[in-house]
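The lines below spell out each chain.
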Amino acid sequence: ITLSPFHNRTTAVVSMIVMGNATDGGNQTEVAMFEGALEALAVASYQARPHPGKVNWFNATTMRAAYGPSYDAFVALREALDPPAPTTGARMLGN
């Protein structure tokens, strides 16, 4: 089961780096200017897939649309092997 943005397709990576640390996440106003618009453009124009291990704004619905059956297979496997899901964001899993 793969949730790799690179699986079975030609891929380019666009990353946004925000200066900050664990207590100061950087200028959130600047982040807000880019996050929604950049993601919407990438999804609409290029069928973007988020990297599940990186910060992203996808939810269960958009993850399912991006990854198809692999997403549901991953969720089922994660629920079987890691029921409390301490390592996986609830937003992306729809919990």
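1. A few points about the overall build of the protein chain
When helices and strands are tallied, the protein chain shows 4 helices and 0 strands. In the protein chain, the succession of α and β elements from N to C terminus is α-α-α-α. For the protein chain, with 95 residues in total, the buried portion stands at 19%. Of the contacts formed within the protein chain by residues at least 6 apart in sequence, a portion of 48% connects residues at least 24 apart.

2. Examining helix H3 (residues 69-81)
Its 13 residues place the ends of H3 18 Å apart at the C-alpha level, agreeing with the 18 Å of an ideal helix rising 1.5 Å per residue. Along H3, the positions that sit buried rather than exposed are Tyr 71, Val 75 and Arg 78. Seen along its axis, H3 keeps its buried residues to an arc of 70 degrees; they face one direction. For H3, the exposed residues set more than 90 degrees away from the buried face come down to Pro 69, Ala 80 and Leu 81.

3. Regarding the confidence of the model for the protein chain
As a general rule, the predicted coordinates of low-pLDDT regions are not to be interpreted in detail. Averaged over every residue, the pLDDT of the protein chain is 78; residues scoring 70 or more account for 78%. Taking the mean pLDDT of every element in the protein chain, the minimum, 60, falls on helix H4 (residues 90-93) and the maximum, 90, on helix H2 (residues 60-67).

4. Looking at the nonpolar core
In this structure, Leu 3, Phe 58, Ala 60, Met 63, Ala 66, Tyr 67, Tyr 71 and Val 75 together form the largest nonpolar core, which totals 8 residues. Those elements giving two or more residues to this core turn out to be H2 and H3. With 4 residues, H2 is the largest single contributor of residues to this core. Not counting chain neighbours up to four residues away, the residues in contact with Ala 66 comprise Ala 48, Arg 49, Pro 50 and Phe 58.

5. Section: the environment of Ile 17
Of note, Ile 17 is situated in the segment before helix H1 (28-46). As a C-alpha pair, Ile 17 and Val 31 span 14 residues in sequence and 9.2 Å in three-dimensional space.

6. Remarks on the environment of Met 16
Considering the arrangement of structural elements, one finds Met 16 in the segment before H1. The partly exposed category is assigned to Met 16, whose relative accessible area is 35%. Counting along the chain gives 18 residues from Met 16 to Phe 34, while the straight-line C-alpha distance between them is 8.6 Å. The contact partners of Met 16, leaving out residues within four places of it in the chain, are Val 31, Phe 34 and Trp 57.

7. Observations concerning unusual backbone geometry
Positive phi, normally seen in glycine, also occurs at Asn 8, with a value near 65 degrees. In this structure, Asn 8 sits in the segment before H1. In this structure, Gln 47 takes a positive phi of about 50 degrees despite not being glycine. Summarising the element assignment, Gln 47 is placed in the loop between H1 and H2.

Analysis parameters
- Residues numbered from 1 in each chain as written.
- Predicted model: local features only at pLDDT ≥ 70, side-chain atom pairs only at ≥ 80, totals over all residues.
- Heavy atoms only, no water.
- Helix = DSSP H or I, 4+ residues; strand = E, 2+ residues; numbered from the N terminus.
- Buried < 20%, exposed > 50% of the residue type's maximum accessible area, 1.4 Å probe, protein only.
- Contact = heavy atoms within 4.5 Å.
- Expected span 1.5 Å × (residues − 1).
- Arc of directions from axis to C-beta.
- pLDDT = per-residue confidence, 0-100.
- Core = buried A, V, L, I, M, F, W, Y, C linked by side-chain atoms within 4.5 Å.

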